[in-house]
Amino acid sequence: MRRQGATLLLLAACLLLMGGCRQPPPDPAGETQVLRYVNYSPLGPLDPDRMTSSAQYTVACHVLEGLMRVYQDTLRYGMAERYEISEDGRMYRFFLRTDGAYSDGTPVTAADFLRTFRRLVREDGQIGRLTMLENAVRVWEGTAEPEELGVWAEDDHTLCFRLEEPAPHFLQLLALPMYAPSRSGRGDTLTARDCNGPFALTENGDTVTAMERNPCYWDGASIRLDRVEAVCFPSAEEAYAAFQRGEIHVMPLPSEGSEAYTGGVQRTVETGICEYITLYQGADSPLRSQALRQALNYALDRQRYVEELGSDLIEPWARCVLPSIPGMRLSYGQEFPHTLYPLKGDRGKAEACLTQALAQLSLDDPADICLLLAVHDDPWTRLEGEKLQAQWEETLGITVELVPTQTYDDWPLRPGAGRMALLGEIAEYGDPLVYLDGWAPWVAADSPFHRCLSQAAAQSDRLIRLNCLFEAESCLLEEAPMIPLQIRSERLLLSRRVEGFQTSATLVGGGYEFLYGYLT
């Protein structure tokens, strides 16, 4: 048994909204509730440790449940019915509910969670999130035994964690599906018997991924849907034909021509996809100049760029953290506004930074600066790249070459040329840190950015921590290893029969949230 921590403070259950309090309206007599939504590509094998798309996260968030759950940005209890946190914020004790079970009725135990964390901390792709656990890095390096990891089970229904330092976002992390319990003998690909969430994965083929209501879920009385199917269609036209026949209830619409899709309710939703241009720095790259990186940011008129693209599903973006994630009482963006790079650009500052960059790079002519911009090889993304290319060449007089690619690995090698790539990401949980810590390797270890992150990590007071993270974001924008560009939305078509269908801009809740959905 692991050592106990400091005195523990009990957090009252009333601080979290419990999903079990929700009672849906009665079902129509005799109707089986089957909701079908559209994917435009197959889901692929579902390995909770290695998910690569929001479609996979959506399924995983409904068939798996960790100690906590997030629904509509609200943190709730999952397999835990309560928890305690020590005064120093480093020790957590979770008390598992006694009615938590897998879909075949096998009880979920603390040992199942212990198995998950001991497995993940030894994997290269997972250790980054788990370095907060005591001895996690040493276990990963092989200098400590798995039993020395700061996670242990006191009994079948009590699980404890010891952290290296306070981590206020730890509870949100525990809602991620990869931290759900792992029953003994679970393989790499999820099966129905491995599922402990509201639904169980019963089918995962090339055309249909199906989930059926978990008969052993602790809060089954709140789940209305009997079955949910993610159906793969090769085109929006074929999906819409099925929608018109009443076979499909939710489908994403193309970015252009959505007015042609009628007969349902259109809803524009934030996807959480933030797109930016990564600036690869190297000893022979002109992008090693911070002044040049800042010049690229100032020179970009993001507002004009979006207007020229002519899509109302793209919003210009000039900061690191998604503004709509929760702050204290309002959104983060409302409570911590930032305007370092104006959305309309600043030509004067861009030219001043360029002059400084030319001196740093020992160049006389801006045209001698050559940058390669990699974009995905499809018509829309190539158009985005062309608009960016035109603005930089017009405003700064530098040379920008477009490199359409499918893999981002086949760039031409050209000595002295700088490399940029148009990329995007979706946050895994609703906290500013998730948008910041991934850039840590791109910034010098002695920079103010790292100092602010360290200060945030030591804070248990949420407001002080958010201020520290805002300072870190400001420092990162100054350092400019990237060019924030745009936030992407999506337009959905919903059947008028659908009620309770929600969406989430952070993957901790899945892309689509049909937990309390039903058909009228």
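Treat the numbers as computed from the prediction; the structure is a model and nothing was measured.

Requested: an account of the pairing of strand β16 (residues 399-405), with residues and values cited.
As paired elements, strand β15 (residues 370-376) and β16 share seven bridges and run parallel to each other. Each residue of the ladder has a partner; that of histidine 376, found in β16, is threonine 405. With helix α11 (residues 379-396) bridging β15 and the parallel β16, this β-α-β connection has right-handed handedness.

Which residues make up the environment of aspartate 206, and what are the values?
Here aspartate 206 is to be found in the loop between β9 (199-204) and β10 (208-213). Using a relative accessible area of 63% as the deciding quantity, one classes aspartate 206 as exposed. Residues aspartate 206 and alanine 110, 96 residues apart in the sequence, show an inter-C-alpha distance of 35 Å. Setting aside its immediate chain neighbours within four residues, aspartate 206 contacts Pro42 and Cys232.

How would you explain the environment of glutamate 81 if you had to name every residue and give the values?
Topologically, glutamate 81 is positioned in strand β5 (residues 80-86). In the structure, glutamate 81 is positioned 13 residues away from phenylalanine 94 in sequence and 7.8 Å away in space, judged by C-alpha atoms. Beyond its immediate stretch of four places on either side in the chain, glutamate 81 contacts Phe95, Leu96 and Arg97.

Describe the packing of helix α13 (residues 448-457) against helix α14 (residues 462-479), listing the residues and the values that go with them.
How two helices pack is summed up by the angle between their axes together with the distance between the axes. Packing of α13 against α14 brings their axes to within 8 Å, and their N-to-C directions diverge by 165 degrees. The angle between α13 and α14 falls in the class roughly antiparallel. Two packed elements cross with a definite hand, and for α13 against α14 that hand is left-handed. For the pair α13 and α14, contact is made by Pro448, Phe449, Cys452, Leu453, Gln455 and Ala456 and by Arg465, Cys468, Leu469, Glu471, Ala472, Cys475 and Leu476, respectively. Here the contact of α13 with α14 is built from residues that sort into 10 nonpolar, one polar and two charged.

Residue-level account of the side chain of serine 504, with values.
With respect to the helices, strands and loops of the structure, serine 504 is situated in the loop between β20 (502-503) and β21 (512-513). The contact partners of serine 504, leaving out residues within four places of it in the chain, are Glu270, Thr271, Gly509, Gly510, Gly511 and Glu513.

Criteria and cut-off values
- Residues numbered from 1 in each chain as written.
- Predicted model: local features only at pLDDT ≥ 70, side-chain atom pairs only at ≥ 80, totals over all residues.
- Heavy atoms only, no water.
- Pairing = 2+ DSSP bridges.
- Helix = DSSP H or I, 4+ residues; strand = E, 2+ residues; numbered from the N terminus.
- Right-handed = clockwise from strand over helix to strand, strands pointing away.
- Buried < 20%, exposed > 50% of the residue type's maximum accessible area, 1.4 Å probe, protein only.
- Contact = heavy atoms within 4.5 Å.
- Axes fitted to C-alpha atoms, helices over the stretch in contact; angles between N-to-C directions.
- Parallel < 35°, antiparallel > 145°, perpendicular 65-115°, else oblique.
- Left-handed = near helix turned anticlockwise from the far one by under 90°.
- Nonpolar A, V, L, I, M, F, W, Y, C, P; charged D, E, K, R; others polar.

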